[in-house]
Amino acid sequence: MRLLGMNYRAAWLIHNRIMEFMCQREDTYVLQGKVQIDDVYLDGERNGGRAGRGSENKVPFLASVSIDEAGHLLYVKLVAVKTFSFAAIADWSQVGLAPGCEVISDELVCFRAVAEVGYFHQPVIVYGRHPNEMPEF
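As the structure is a prediction and not an experimental result, all values here were calculated from the model.

Peer 1: Explanation requested: the overall build of the chain in the structure shown.
Peer 2: Helix and strand counts for the chain stand at three helices and five strands. Across the 137 residues of the chain, 28% fall into the buried class. Partitioning the contacts of the chain with sequence separation of at least 6, the portion at a separation of at least 24 is 44%. Put simply, the chain shows about 9,600 Å² of open surface, and 56% of that area lies on carbon and sulfur atoms.

Peer 1: Please clarify how the side chain of serine 64 should be interpreted in this entry.
Peer 2: With respect to the helices, strands and loops of the structure, serine 64 is situated in strand E2 (residues 59-67). In contact with serine 64, not counting residues within four places along its chain, are Leu31, Val35, Gln36, Ile37, Tyr75, Val76, Lys77 and Trp92.

Peer 1: How should I be thinking about the pairing of strand E1 (residues 34-42) in this particular structure?
Peer 2: In regular strands, side chains alternate between the two faces of the sheet. Pairing between E1 and E2: nine bridges, direction antiparallel. Directly across from glutamine 36, in E2, lies its bridge partner valine 65. Strand direction decides the pairing type here: E1 and strand E4 (residues 102-105), joined by three bridges, are parallel. Looking across to E4, one finds that valine 35 is bridged to valine 103.

Peer 1: Would you explain the sheet that holds E1 in this entry?
Peer 2: Strand pairing in a sheet takes place through backbone hydrogen bonds and is either antiparallel or parallel in direction. One open sheet accounts for five strands, arranged E3-E2-E1-E4-E5; its pairing is mixed. Edge positions in the sheet fall to strand E3 (73-80) and strand E5 (120-123), since each has one partner strand and no second. Between one strand and the next, the sheet's axes are offset by a mean angle of 25°, whatever the strand orientation. Two elements, E2 and E3, share seven bridges in a ladder whose sense is antiparallel.

Peer 1: Help me understand the pairing of E4 in this model?
Peer 2: Alignment of E4 against E5, held across four bridges, turns out to be parallel. Looking at the pairing, valine 103 lines up with histidine 121 of E5.

Peer 1: How do you make sense of the environment of lysine 77 when you look at a structure like this?
Peer 2: Along the chain, lysine 77 turns up in strand E3. Of the residues examined, lysine 77 reaches a relative accessible area of 9% and is grouped as buried. Sequence separation of lysine 77 and glutamate 26 is 51 residues, and the distance between their C-alpha atoms is 7.9 Å. Residues contacting lysine 77, with those up to four places away along its chain left out, are Glu26, Tyr29, Leu31, Leu62, Ala63 and Ser64. A polar side-chain atom of lysine 77 sits 2.7 Å from the main-chain carbonyl oxygen of tyrosine 29.

Peer 1: Teacher, can you tell me more about the nonpolar core here?
Peer 2: Here is a general trend for soluble globular proteins: nonpolar side chains tend to be buried in one another's company. If you look at the biggest cluster of nonpolar residues, it comprises 19 residues, and the most contacted ones within it are Ile37, Leu62, Ile89 and Leu97. For this core, the secondary structure elements donating two or more residues are E1, helix H2 (86-96) and helix H3 (113-116). Tallying contributions element by element places H2 first for this core, with three residues. In this structure, leucine 97 is in contact with Val30, Leu31, Val35, Trp92, Val103, Val114 and Tyr119, ignoring residues within four places of it in sequence.

Peer 1: Help me understand helix H1 (residues 8-28), please; the structure alone is not making it clear to me.
Peer 2: Counting along an α-helix, one turn takes 3.6 residues, and residues three or four places apart therefore face a common direction. Between its first and last C-alpha, H1 extends 31 Å over 21 residues, near the 30 Å set by a 1.5 Å rise per residue. The N-capping residue of H1, defined by a side-chain oxygen 3.2 Å from the backbone nitrogen of arginine 9, is asparagine 7.

Cut-offs applied
- Residues numbered from 1 in each chain as written.
- Predicted model: local features only at pLDDT ≥ 70, side-chain atom pairs only at ≥ 80, totals over all residues.
- Heavy atoms only, no water.
- Helix = DSSP H or I, 4+ residues; strand = E, 2+ residues; numbered from the N terminus.
- Buried < 20%, exposed > 50% of the residue type's maximum accessible area, 1.4 Å probe, protein only.
- Contact = heavy atoms within 4.5 Å.
- Areas by Shrake-Rupley, 256 points an atom, 1.4 Å probe, with all protein chains shown as cover.
- Pairing = 2+ DSSP bridges.
- Axes fitted to C-alpha atoms, helices over the stretch in contact; angles between N-to-C directions.
- Polar contact = N/O pair within 3.5 Å; in protein donor to acceptor, adjacent residues only side chain to side chain.
- Core = buried A, V, L, I, M, F, W, Y, C linked by side-chain atoms within 4.5 Å.
- Expected span 1.5 Å × (residues − 1).

Given below as structure tokens:
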């Protein structure tokens, strides 16, 4: 508002339009090559509520990163999902992945849906390992 020298309502309208166009542009990207996916939960923790997966006040997101053969980042996508279910991941895979992708994830059961809809899926066992001990892809 101050930077553009306009009133609050006009600045807010411009902000919303820019965000809308960014979302539309984001929807056109499909991830290709090697793609790493993981479950992410965003928001705060209520006092006395559950923490982490299954918390009643956290929004589940699917975080995905597309990397090239040299290991350089190409695209990052965060997509809100209702739940981490087999159907939700299968739907996302068909819309968000290019044919021939190699998907790397942890062993969360719903990520098996990627293989069921025709993509190569490589689960990585992470139980009992510190993130620094994980292989780099």
